[in-house]
Amino acid sequence: MKEFFSRLKKDFNDKEYAHSYMESHAVSRLAAQIFALRKQRGLSQEELATQMDIAQETISKIESGNFNSLTIKTLQKFSRAFDVNLYIAYEPFSHGILDIANLGKEQLEVSSREDDLANKFTEHTRFVNSCGEWKAANYLRGVDAVAPQQPLKPNEQWQSIGKIQEKIAL
C-alpha cells in the first residue's frame with residue numbers, strides 16, 4: 001500500500017493527470033455507491049427508476065459508470081429515493097487518495113434517514129463543541145451501576161487496553 005501512495009503522490013505532480021485520475025474515480029465511486037445503496041435497499045433498477053420517475057436504462061447507465069454528467073436534480077432524486085443526505089464538497093487531493101485506498105462496501109452503504117437518526121441521536125446523545133467543531137457524543141446512564149463495588153487496591157495490575165477491548169468484544 002505504501003508503494004501505491006508513493007506512486008500516486010509522484011504521479012499527482014502532473015496537474016492534468018491528477019485531475020483526470022480523480023474525476024474518473026469520482027464517476028466510479030458514484031456509480032458503485034448508487035449500485036450499493038440500491039442493493040442495500042433491496043430495490044431493482046425498475047423499482048428505483050419508478051420512484052425517481054426516470055428510465056430504467058438511465059439507472060443502468062449510471063450504475064455502469066457510463067455517463068458524462070449528472071445534474072444536481074438527478075442526484076437529489078437519488079437522495080430522496082435512498083432517504084439519505086446528498087453531500088457535495090471540494091476536498092484536498094490527499095483526501096481523495098485516502099478515499100481510493102479505503103473504498104469498500106462499508107464506505108458505500110448509508111443508513112436511511114430514519115435508521116440513522118434513531119441510532120445516532122438517542123435520548124443519551126449530547127452535542128458538544130470540540131475544537132470549534134460540533135459533535136454528537138453518546139453517554140450511558142447509570143454508569144455507577146457498572147463501577148466496582150470496592151475501590152481498586154494500589155498493588156493490583158492494570159489490564160492493557162487490548163485485553164479490555166477483547167473482553168468488550170466478547
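Residues numbered from 1 in each chain as written. Predicted model: local features only at pLDDT ≥ 70, side-chain atom pairs only at ≥ 80, totals over all residues. Heavy atoms only, no water.

1. Points about the overall build of the protein chain
Assigned secondary structure in the protein chain consists of nine helices and two strands. Put simply, the protein chain runs from its N terminus to its C terminus through helices and strands in the order α-α-α-α-α-α-α-α-β-β-α. The buried share of the protein chain, taken over its 170 residues, is 21%. Partitioning the contacts of the protein chain with sequence separation of at least 6, the portion at a separation of at least 24 is 55%. (Helix = DSSP H or I, 4+ residues; strand = E, 2+ residues; numbered from the N terminus. Buried < 20%, exposed > 50% of the residue type's maximum accessible area, 1.4 Å probe, protein only. Contact = heavy atoms within 4.5 Å.)

2. Some words on the packing of aromatic side chains
This model, assessed by the stated rule, comprises seven aromatic pairs. Summarising the aromatic geometry, the rings of Phe12 and Tyr17 are spaced 6.1 Å apart at their centres and angled 65° between planes, so their arrangement reads as edge-to-face. By relative accessible area, Tyr17 is classed as partly exposed at 31%. Considering the side-chain rings of Tyr17 and Tyr21, the 5.8 Å spacing of their centres and the 40° angle between planes classify their relative orientation as tilted. With a gap of four residues between them, Tyr17 and Tyr21 both fall in helix H2 (residues 15–40), about one helical turn apart. Through a chain of ring-to-ring contacts, the aromatic side chains of Phe12, Tyr17, Tyr21 and Phe93 assemble into a single cluster. (Phe/Tyr/Trp six-rings, centres within 6.5 Å; stacked < 30°, edge-to-face > 60°.)

3. Here's the deal with helix H6 (residues 93–102)
Given 3.6 residues per helical turn, the α-helix brings residues three or four places apart onto the same face. Among the residues making up H6, those that are buried are Gly96, Ile97, Asp99 and Ile100. For H6, the angular spread of buried residues about the axis comes to 155°, placing them on one side. Looking at the buried residues of H6, the elements they touch are helix H1 (2–11) and H2. (Arc of directions from axis to C-beta.)

4. Focus on the nonpolar core
Core analysis: the largest hydrophobic core is formed by 13 residues, its most contacted members being Ile34, Leu48, Met52, Ile59, Ile62, Phe78 and Phe82. Of all the secondary structure elements, the ones that give two or more residues to this core are H2, helix H3 (45–52), helix H4 (56–63) and helix H5 (72–82). Dropping the residues within four chain positions of it, Leu48 is found in contact with Arg38, Leu43, Ile59, Phe78, Ala81 and Phe82. (Core = buried A, V, L, I, M, F, W, Y, C linked by side-chain atoms within 4.5 Å.)

5. A few points about the pattern of salt bridges
For the coordinates displayed, the defined rule picks out six salt bridges. Residue Arg29 is joined to Asp99 by a salt bridge in which the shortest nitrogen-to-oxygen separation is 2.8 Å. Note that Arg29 is positioned in helix H2 and Asp99 in helix H6, a separation of 70 residues in sequence. In this structure, Arg29 and Asp99 share a single accessibility class: buried. Taking the shortest distance from any N to any O, the salt bridge between Arg113 and Asp83 comes out at 2.9 Å. Placement of Arg113 in helix H8 (residues 113–120) and of Asp83 in the loop between H5 and H6 is noted, with a sequence separation of 30 residues between them. Accessibility expressed as a relative area gives 44% for Arg113, which makes it partly exposed. On the accessibility criterion, Asp83 (24% relative accessible area) is partly exposed. Residues joined by salt bridges that share partners form a network here, namely Asp83, Arg113 and Glu114. (Salt bridge = Lys/Arg side-chain N within 4 Å of Asp/Glu carboxyl O.)

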